[in-house]
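# Residue-level structural notes
In case you want the letters, here they are:
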Amino acid sequence: MQTQAIEDLFQRYIVAFQQQEMSAVKQCYQLPCTLHTPDKAVLITNDKTFTEEFLDIFTVLSHAKISHFLPLKSSFSQLKDDVILACVDWQFIGPNEEVFTDFSAFYHLVLTTGQWRIFNVVSQELSQSIDLETPFKIAYK
């Protein structure tokens, strides 16, 4: 079932981010991939650029003392047998349970060697969130 596979991917993703485990985060991505924020777009073509980009992200999260990530809502639509679009609304929570940031992220997923992997992420303001066909849950701690 696709819903369970997508839930499993995002569960691995949130745990890897919380623990800042580079190899576990990398297993969630298909290279090359792109990351888009309102400020910049990054093309990641190899392990070196992946590590550099995610070290920068982890550094920002560490300096902000992010304690955990809260998925507000999540849904996906299957575009082809091997392509899915997912939308997840996130809050990044600081050490005093305050919201450090919130945003909506659109993930393009591809089925590669039997596993769903992210190949594109577009982050937007939370107001840009959309509800796709199938809601799914991301367990968090």
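Structural data are supplied above this passage.
Now for a description of the structure that goes with this document. (Residues numbered from 1 in each chain as written. Predicted model: local features only at pLDDT ≥ 70, side-chain atom pairs only at ≥ 80, totals over all residues. Heavy atoms only, no water.)

Here we come to the pairing of strand E5 (residues 99-112). In this structure, strand E4 (residues 83-93) lies alongside E5, joined through 11 bridges in antiparallel fashion. Within E5, the residue paired with Leu85 across the bridge is His108. Following E4, the chain reverses through five residues before pairing antiparallel with E5; Glu97 in that reversal takes a positive phi of roughly 65 degrees. With nine bridges connecting them, E5 and strand E6 (residues 115-124) associate as antiparallel partners. Paired with Tyr107 across the strands is Val121, a residue of E6. Taking the residues between adjacent antiparallel strands as the criterion, E5 and E6 are bridged by two residues, where Thr113 takes a positive phi near 45 degrees. (Pairing = 2+ DSSP bridges. Helix = DSSP H or I, 4+ residues; strand = E, 2+ residues; numbered from the N terminus.)

Applying the stated criterion across every chain yields a total of 16 aromatic pairs. Plain terms: the ring middles of Phe69 and Phe92 are 4.5 Å apart, the flat faces sit at 75 degrees to each other, and that makes the pair edge-to-face. Note that Phe69 is positioned in strand E3 (residues 68-80) and Phe92 in strand E4, a separation of 23 residues in sequence. Of the two residues examined, Phe69 and Phe92, each falls in the buried class. (Phe/Tyr/Trp six-rings, centres within 6.5 Å; stacked < 30°, edge-to-face > 60°. Buried < 20%, exposed > 50% of the residue type's maximum accessible area, 1.4 Å probe, protein only.)

Okay, unusual backbone geometry next. Of the consecutive residues Leu31 and Pro32, the connecting peptide bond is found in the cis state with omega at 0 degrees. Assignment of secondary structure puts Pro32 in strand E1 (residues 29-36). Phi angles above zero are rare outside glycine, and Lys65 is one such case at about 55 degrees. By the secondary structure assignment, Lys65 is in the loop between helix H3 (47-63) and E3.

A few words on the pattern of salt bridges. Applying the stated criterion to the full structure yields four salt bridges. Taking the shortest distance from any N to any O, the salt bridge between Lys26 and Asp47 comes out at 3.9 Å. Here the residue Lys26 occupies a position in helix H2 (residues 22-26), and Asp47 occupies one in helix H3, the gap between them amounting to 21 residues. Given a relative accessible area of 45%, Asp47 falls into the partly exposed group. Residue Glu53 is joined to Lys40 by a salt bridge in which the shortest nitrogen-to-oxygen separation is 3.2 Å. Of this pair, Glu53 sits in helix H3 while Lys40 sits in the loop between E1 and strand E2 (41-44), and the two are 13 residues apart along the sequence. (Salt bridge = Lys/Arg side-chain N within 4 Å of Asp/Glu carboxyl O.)

Pairing in this open sheet of seven strands is mixed, and the strands run E2-E1-E6-E5-E4-E3-E7 from one edge to the other. Every other strand in the sheet has two partners, leaving E2 and strand E7 (134-135) as the edge strands with one partner each. Where helix H1 (residues 2-19) meets the sheet, it contacts E1, E3, E4, E5, E6 and E7, and its direction lies at approximately 145 degrees from that of E3. (Contact = heavy atoms within 4.5 Å. Axes fitted to C-alpha atoms, helices over the stretch in contact; angles between N-to-C directions.)

By size, the foremost hydrophobic cluster in this structure holds 38 residues, and its most contacted members are Phe10, Tyr29, Phe54, Trp90, Tyr107 and Leu109. Setting aside chain neighbours within four positions, we find Phe10 in contact with Ala86, Val88, Tyr107, Leu109, Phe136 and Ile138. (Core = buried A, V, L, I, M, F, W, Y, C linked by side-chain atoms within 4.5 Å.)

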